[in-house]
Amino acid sequence: KISFDLAEYTADVDGVGTLRLLDAIKTCGLINSVKFYQASTSELFGKVQEIPQKETTPFYPRSPYGAAKLYAYWIVVNFREAYNLFAVNGILFNHESPRRGANFVTRKISRSVAKIHLGQLDCFSLGNLDAKRDWGHARDYVEAMWLMLQTDEPEDFVIATGEVHSVREFVEKSFKHIGKTIVWEGKNENEVGRCKETGKIHVTVNHKYYRPTEVDFLQGDCTKARQKLNWKPRVTFDELVREMVDADVELMKNNPNA
C-alpha cells in the first residue's frame, strides 16, 4: 500500500528513474558496451486478464507502483528498439528471502512469528489474508536475471514458480514451523488467527493495510524462461517459509529490537 501514500515519489523513482539510467547510457556513448537489466514486476498484470500470466498477457496495473513500472517497462522496450541497446525487462513475480524488507508482508509475517516464538510479541496485524501470490526464492530469481543478460539477443522474460499461495497460507506455515496451529475465527475485518494449542490470538486484520485497488491473484507462466534460458525454480514454498522464519528467530535472539 505504500505506493498509494507516496505516489509522486514512486513515479519519480520507479518510472523516471529508469529513464534517467537509460538516458545516461545513451548520453555517455555506452550503447554498445552496456547491458541493462530492468527490474520489472508481476504488479504490471494487476487486475489479471488471463491466468496464468505470461509475456504476452495484457497489462492492467492497480497501484501507483504498478503504473510507474509500466512506464519503465515500455521505456526499456523503446530504448532497445530505437538505439539497439541490450536492455531487458525481467517480469519477476514475488521473490522472497531473509533479506526482504520488513514492510513486505512475507517478512512482516516471518519477523512477527519469530518474535512470538521468542516471547517478544503477542499479536500482529495484516491486511487481505486471501490475496494470492506466486512466491519464489530471490536466490533462484537472481540467477534468472543473470541468465537474461547472457543471451545473444535481448528479450523480456516472466520469472515465476507457477504455484499460488495465499497470505493466509504463509501465516499458517510460518506458525506451523514453530509448533503452533492457527485456527481462523470471524470474517473480514473481524477475523482473527488463534493458536489452537494456547488459545491466544496471534493475528488480527486491520483495514489500513488494504490497498484501495487490490491485486487479488497473480500466477506466472515461465515457459519461455524454461525453454530459452534453461531456468527453473529450485526452492519450494515450504523451504522458503522455513528459511525466513529460522533466519528471523536467530536475528531476534541476538537483537530483539531489529
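Residues numbered from 1 in each chain as written. Predicted model: local features only at pLDDT ≥ 70, side-chain atom pairs only at ≥ 80, totals over all residues. Heavy atoms only, no water.

### Some points on the packing of aromatic side chains
What counts, and what does not: Stacked, edge-to-face and tilted labels apply to pairs of Phe, Tyr and Trp rings (six-membered ring for Trp) whose centres lie within 6.5 Å, assigned for plane angles under 30 degrees, over 60, and everything in between, in that order. To qualify as a helix, a DSSP run of H or I must reach at least 4 residues; to qualify as a strand, a run of E must reach at least 2; elements of each kind are numbered from the N terminus. Throughout, exposure labels follow a simple rule: accessible area from a 1.4 Å probe, protein chains only, divided by the maximum for the residue type, with under 20% read as buried, over 50% as exposed, and the rest as partly exposed.
Evaluation of the coordinates by the stated rule reveals ten aromatic pairs. When the ring of F45 is compared with that of F59, the centres are 5.4 Å apart and the planes differ by 45°; the resulting orientation is tilted. In this pair, F45 is assigned in the loop between strand 1 (35-41) and helix 3 (64-83) and F59 in the loop between strand 1 and helix 3, connecting sequence segments 14 residues apart. Note on W135 and F237: the rings are 6.1 Å apart at their centroids and 20° apart in plane angle, and the pair reads as stacked. Taken together, the residues span a long stretch of sequence, with W135 in the loop between strand 5 (132-133) and strand 6 (136-137) and F237 in helix 8 (residues 237-254) at a distance of 102 residues. Side by side, W135 and F237 carry an identical accessibility label, which is buried.

### Points about the pattern of salt bridges
Which entries qualify depends on this criterion: Note on definitions: salt bridges are taken to be side-chain nitrogens of Lys or Arg within 4 Å of carboxyl oxygens of Asp or Glu.
Applying the stated criterion to the full structure yields 15 salt bridges. Its salt-bridge partner being R234, residue E143 comes within 2.7 Å of it at the nearest N-O pair. Placement of E143 in helix 5 (residues 138-148) and of R234 in the loop between helix 7 (223-228) and helix 8 is noted, with a sequence separation of 91 residues between them. E143 sits in the partly exposed class, given a relative accessible area of 28%. The exposure class assigned to R234 is exposed, which follows from its relative accessible area of 56%. The closest approach of N and O atoms between D238 and K173, which form a salt bridge, is 3.2 Å. Taken together, the residues span a long stretch of sequence, with D238 in helix 8 and K173 in helix 6 (residues 167-177) at a distance of 65 residues. Using a relative accessible area of 31% as the deciding quantity, one classes K173 as partly exposed. Connected through shared salt-bridge partners, D130, R168 and E191 make up one network.

### What to know about helix 2 (residues 7-27)
Applied cut-off: Here a helix's expected span is defined as the number of its residues, less one, multiplied by 1.5 Å. The term bend refers to the angle at a residue between two fitted axes, each drawn through seven residues, those ending there and those starting there.
The first and last C-alpha atoms of helix 2 sit 28 Å apart over 21 residues, in line with the 30 Å expected at 1.5 Å per residue. Considering bend angle alone, the principal kink of helix 2 is centred on V16 and spans about 40°. What helix 2 keeps buried is the set T10, D14, G15, G17, T18, L22 and I25. Among the residues trailing helix 2, G29 stands out with phi positive, at a value near 70°.

### Here we look at the sheet that holds strand 4 (residues 124-126)
Cut-off, in case you're wondering: Strands pair, by our definition, only if DSSP identifies at least two bridges between them. Only the stretch in contact is used when fitting a helix axis, every axis being a line fitted to C-alpha atoms; angles between N-to-C directions are given from 0 to 180 degrees. By definition, residues are in contact when any of their heavy atoms lie within 4.5 Å.
Spatial strand order, 4-11-10-9: four strands in an open sheet with mixed pairing. In this open sheet, the two edge strands, each paired with only one partner strand, are strand 4 and strand 9 (182-185). The sheet shows a mean angle of 25° between the axes of neighbouring strands, taken without regard to direction. Bridge count between strand 10 (residues 192-195) and strand 11 (residues 201-205): three bridges; the pairing is antiparallel. By the bridge assignment for strand 11, V192 is matched with T204. Across the face of the sheet, helix 4 (residues 105-117) comes into contact with strand 4 and strand 11 while running at roughly 160° to strand 4.

### Let's talk about the packing of helix 6 against helix 8
Where we set the bar: Roughly parallel covers angles under 35 degrees, roughly antiparallel covers those over 145, roughly perpendicular covers 65 to 115, and oblique covers all other angles. Here a crossing is taken to be left-handed if its near helix is turned anticlockwise relative to the far helix by less than a right angle, and right-handed if that turn runs clockwise.
Contact geometry for helix 6 and helix 8: axes closest at 9 Å, N-to-C directions at 60°. The orientation of helix 6 relative to helix 8 falls into the category oblique. As helix 6 packs across helix 8, the resulting crossing turns out to be right-handed. Contact residues: F170, K173, S174 and H177 in helix 6; F237, D238, V241, R242, M244, V245 and D246 in helix 8.

### A short note on the UniProt feature "domain: NAD(P)-binding" (unreviewed entry) in the protein
Put simply, the rule reads: UniProt positions are given in the numbering used here, feature names are shortened, and annotations may be inferred rather than shown by experiment.
In this numbering, the UniProt entry assigns the feature "domain: NAD(P)-binding" (unreviewed entry) to residues 2-244. Counted over residues 2-244, helix gives 39% and strand 17%. Its end C-alpha atoms are 22 Å apart.

### Some points on the environment of Y209
Turning to its location among the elements, Y209 is positioned in the loop between strand 11 and helix 7. For the pair Y209 and L126, spaced 83 residues apart in the sequence, the C-alpha separation amounts to 6.4 Å. What Y209 contacts, discounting residues up to four positions off in sequence, is K1, K108, S125, L126 and G127.

### A look at unusual backbone geometry
Most peptide bonds take the trans configuration, and most residues that are not glycine carry a negative phi. Of note, the bond from I51 into P52 is cis; its omega dihedral lies within 30 degrees of zero at -10°. Mapped onto the elements of the fold, P52 is located in the loop between strand 1 and helix 3. Its identity is not glycine, yet N188 carries a phi of approximately 50°, on the positive side. Relative to the assigned elements, N188 resides in the loop between strand 9 and strand 10. We classify N188 as exposed; its relative accessible area is 63%.

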